[in-house]
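For reference, the chains in residue letters:
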Amino acid sequence: MGPTPRAARALVLLAGFYLLGLFLLAALAAADWAAAVHTPGPFALKVFIVSAVLALPIVRGMFMLRTPPYEDVPGVRVDESREPRLWQTVRDIAQQVGTRAPDEILLTGDVNAAVSEDSRLLGLAGGTRRLRIGLPLMTGLSESGLRAVLAHEMGHYGNADTRLAAISERGRVHVLRTVAHFEERAGAKVSKERARQEKKAAAAVAKGRKAKEVDTTGTGVTYRAMARLYTAYGKFYLRATLSGSRRAEFAADVAAARIAGRDATSSALREIPVIDAAHDFYLNCYATLGVDAGLLPPTGEFLGGFRHLLAARHEELDALRGELPTEPVSPYDSHPPIAERVARIEALPDDGRASDPVRPSLSLLADADRSFAAVEETVLTPAALGLRRLDWPELVHAAMSVQTERSAQRFGALALGTAAGEDTSPHGTHGGGGTPGHGAGARPGAGADADRTSRPEADPEGDGAGAATLGTLLDAIDAGALWRIAERLPRSAEAAAAHGRAAREFARPQLRAGLSQLVSAEYLRQGRARWPLSWAESAALELPYGHVDELPAALEAAVADRPDTGPLRALLEPVAAPETSAPAQSPVPGPTA
């Protein structure tokens, strides 16, 4: 469907909104006339009031013509003097598509590329064109892949998609705005009626009578009925306009294949979901790892560090590239499923451009590091920009140490709280210590609140009880409190129902894991262990030489049926001189980093 039929359809759909409003206003006017002619004065007055109240949201929706202004996405606008190669590439692609190049290019911090246009006169006249390019997207794409993405976006300009979007957007805004007006009025009426009934019930109770149950059923039903009419039209409107949006995506893909090549376009479409998933993982497990400890990576590395992850995990990413995401299809989707888009492109005839040289798309930037730093300034909040900066190795060790200490304190608060409460601790001490669970591995940096992160020794629960030492727990175990401690820990229903040896077997892994994390925290406090940086695999605590082999047996002995804490105490005995640390994987599970 060409631009003219699509514009006509969009105008008809927009006109339908106004026709629905006029029809409803006419119906209300007819009800007013009938009430004036055939009913007594007081009843007619009520009809007039109801009609006026119902007509107000309709009129507001019809005549509030302003659409939302252009959303200023965080990013850095770059002119041609700053990024000449990028601008030249965009201009060349726009010329090949046969459309006007954008007036502005904005570098952003997300995995996305998009175009917009400030069109006028319901899209009949063009306006300022903007192109947004996400630096993380450029980080993961080759130059040929980025050219395919840019050709796709220029295809939207060439097909007048951005101009016609103004008409569709106006209709969507008007429908949603009108529905919101009716729902708002219905909610206000329900709240008023509820308050009235609650006041009446309170008065009845004060007089010793039984209060009636508050019931707002039927209140605001007229408003909701009107809202349902507009909701029904809104669903029809969205289905019609979004089906056109999906066809526009297919057309833009074809333009990309024509300009950048079939294989480059198919490869870019396959790559984008992989980059998106990898970037989410990077943000959760690396970039924000130290936020809870008040730390960030070096300037520019919050976004730029994504390069290290992609380089180190290429084998995992290759496996993802072979599996296109399966997405549930909805008539309200603005984009077709990525698998269908790839299938359509790969069904095109071979154009012989599969052997184009592969260069990173970041090479189009004059200074990628400077761009990462500049965009980072716009993406992060002022509070985040004020956090302390550390190089990646120091950041990982400091952040993971804080997480280990906090989770150790949480475990100790449970374990030694039981021991102290039953007076099994020789010193009557209770409080901290703790164990990070396996769950911390998936989302490092997503734990405690940021305002509790500047001091690793702080009590994570903020109750002022203080941190219990590992020695206190070991003393409690020696005093015979191990299985009473186990009763304080969270248990499944099956574990709670078990008795005797079965109960001990349920509790033993949890005790061993908690104790191992208390040990990890103690090693870190002594400066005898370190969390190393690894871009390729999960974090593993480096223990003193030889301890990685001895620690499992020592932990097993401490939680045995007849506990023996001696081997563990021996390992934790401070040494006079620093021991040589070997990069061996600890039996202690750590967050993925």
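Coordinates for the structure precede this section.
Before going into details, it helps to say that this report is about the structure given with it. (Residues numbered from 1 in each chain as written. Predicted model: local features only at pLDDT ≥ 70, side-chain atom pairs only at ≥ 80, totals over all residues. Heavy atoms only, no water.)

### Description of the packing of aromatic side chains
Here is step 1 of the chain: Throughout the structure, instances matching the rule amount to 9 aromatic pairs.
Here is step 2 of the chain: With 6.3 Å between their ring centres and 65° between their planes, Phe281 and Tyr286 make a pair best called edge-to-face.
Here is step 3 of the chain: Between the aromatic rings of Tyr282 and Phe306, the centroid separation amounts to 5.7 Å while the plane-to-plane angle is 45°, which identifies the pairing as tilted. Placement of the pair is Tyr282 in helix α8 (residues 262-287) and Phe306 in helix α10 (residues 306-312), with a sequence separation of 24 residues.
Here is step 4 of the chain: Against the face of Phe250 rests Arg344, its NZ or CZ located 3.7 Å from the ring centre. (Phe/Tyr/Trp six-rings, centres within 6.5 Å; stacked < 30°, edge-to-face > 60°. Helix = DSSP H or I, 4+ residues; strand = E, 2+ residues; numbered from the N terminus. Lys NZ or Arg CZ within 6 Å of the ring centre and 35° of its normal.)

### What to know about the pattern of salt bridges
Here is step 1 of the chain: Scanning all chains against the criterion turns up 33 salt bridges.
Here is step 2 of the chain: The partner of Asp475 in a salt bridge is Arg569, and the shortest N-O contact between them spans 2.8 Å. Taken together, the positions of Asp475 in helix α16 (residues 470-478) and Arg569 in helix α21 (residues 566-572) put the pair 94 residues apart, joining distant regions of the chain.
Here is step 3 of the chain: A relative accessible area of 28% places Arg569 in the partly exposed class.
Here is step 4 of the chain: For the salt bridge of Arg504 with Asp561, the shortest nitrogen-to-oxygen distance reads 3.2 Å. (Salt bridge = Lys/Arg side-chain N within 4 Å of Asp/Glu carboxyl O. Buried < 20%, exposed > 50% of the residue type's maximum accessible area, 1.4 Å probe, protein only.)

### What about the layout of surface pockets?
Here is step 1 of the chain: Taken as a whole, the second largest pocket spans an internal volume of roughly 530 Å³.
Here is step 2 of the chain: Surrounding the second largest pocket, 24 residues form its lining, Gly140, Leu141, Ser142, Glu271 and Val358 being those nearest its centre.
Here is step 3 of the chain: When contributions to the lining of the second largest pocket are tallied by element, the ones reaching two or more residues are α4 (135-140), α5 (143-158), α8, α10 and α11 (314-321).
Here is step 4 of the chain: Ranked by the residues each element gives to the lining of the second largest pocket, the list is headed by α8, at 5 residues. (1 Å grid on protein atoms, 1.4 Å probe; cavity = no way out; pocket = protein on both sides within 12 Å on 5 of 7 lines; lining within 4 Å. Points joined across faces, edges and corners; volume = space filled by probe spheres on them.)

### A short note on the pairing of strand β4 (residues 129-134)
Here is step 1 of the chain: Among the 6 residues in β4, 6 count as buried, and that is most of the element.
Here is step 2 of the chain: In this sheet, β4 lies alongside strand β2 (residues 104-108) in parallel orientation, the contact comprising 5 bridges. When the bridges of β4 are listed, Thr108 appears paired with Gly134.
Here is step 3 of the chain: Relative to β4, strand β3 (residues 113-117) runs antiparallel, the two being bridged by 5 bridges. From the neighbouring strand, Ala114 faces β4, where its bridge partner is Arg132. (Pairing = 2+ DSSP bridges.)

### Points about the sheet that holds β2
Here is step 1 of the chain: Pairing is mixed in the open sheet, where 4 strands are placed in the order β1-β2-β4-β3. At either margin of the open sheet sits one strand with a lone partner, and together these are β1 (75-78) and β3. Between one strand axis and the next, the sheet turns through 25° on average, direction left out of account.
Here is step 2 of the chain: Contacting β3 and β4, α5 runs over the sheet at an angle of about 20° to β3.
Here is step 3 of the chain: In the packing of helix α13 (residues 368-379) onto the sheet, contacts are made with β1 and β2, and the angle to β1 comes to roughly 130°. (Axes fitted to C-alpha atoms, helices over the stretch in contact; angles between N-to-C directions. Contact = heavy atoms within 4.5 Å.)

### As for the packing of helix α6 (residues 161-206) against helix α7 (residues 221-260)
Here is step 1 of the chain: Contact geometry for α6 and α7: axes closest at 9 Å, N-to-C directions at 160°. In this view, α6 runs roughly antiparallel relative to α7, as classed from their interaxial angle. Crossing of α6 against α7: the hand is left-handed.
Here is step 2 of the chain: When its residues are assigned to classes, the contact of α6 with α7 shows 15 nonpolar, 6 polar and 6 charged. (Parallel < 35°, antiparallel > 145°, perpendicular 65-115°, else oblique. Left-handed = near helix turned anticlockwise from the far one by under 90°. Nonpolar A, V, L, I, M, F, W, Y, C, P; charged D, E, K, R; others polar.)

### A look at the packing of α5 against α8
Here is step 1 of the chain: In the contact formed by α5 and α8, the axes pass within 8 Å of each other and the chain directions differ by 90°. In terms of their interaxial angle, α5 and α8 are classed as roughly perpendicular. Contact residues: Ser144, Gly145, Ala148 and Val149 in α5; Ala264, Thr265, Ala268 and Ile272 in α8.

### Let's talk about a nonpolar patch on the surface
Here is step 1 of the chain: Taken together, the side chains of Leu45, Phe48 and Ile49 present a nonpolar region at the surface, about 280 Å² in accessible area.
Here is step 2 of the chain: Residue position: Phe48 is located in helix α2 (residues 41-63). (Patch = residues over 30% accessible without salt bridge, like charges linked within 9 Å, V, L, I, M, F, W, Y side chains within 5 Å. Areas by Shrake-Rupley, 256 points an atom, 1.4 Å probe, with all protein chains shown as cover.)

### With respect to the nonpolar core
Here is step 1 of the chain: Residues Ile133 and Met154 are the most contacted members of the largest nonpolar core, which totals 60 residues.
Here is step 2 of the chain: In terms of residues, this core owes the most to one element, α8, which gives 8 residues.
Here is step 3 of the chain: Not counting residues within four places of it along the chain, the set of residues in contact with Met154 comprises Val90, Ile93, Ala94, Val97, Thr99, Pro102, Val115 and Leu131.
Here is step 4 of the chain: Residues Ala408, Leu474, Leu489 and Ala554 belong to the second largest nonpolar core, which totals 39 residues. (Core = buried A, V, L, I, M, F, W, Y, C linked by side-chain atoms within 4.5 Å.)

### Digging into empty space enclosed by the protein
Here is step 1 of the chain: Per the counting criterion, the structure on display carries 1 cavity of 30 Å³ or more.
Here is step 2 of the chain: Its boundaries defined by the atoms lining it, the largest cavity holds a volume of some 50 Å³.
Here is step 3 of the chain: Along the walls of the largest cavity sit Phe411, Ala415, Leu473, Ile477, Leu482, Ile485, Leu511, Leu515 and Val559, which together make up its complete lining.
Here is step 4 of the chain: Contributing elements (two or more residues each) for the lining of the largest cavity: α15 (392-421), α16, α17 (482-488) and α19 (500-526).
Here is step 5 of the chain: Taken together, the residues of the lining of the largest cavity sort by class into 9 nonpolar, no polar and no charged.

The analysis is restricted to geometry; functional conclusions fall outside its scope.
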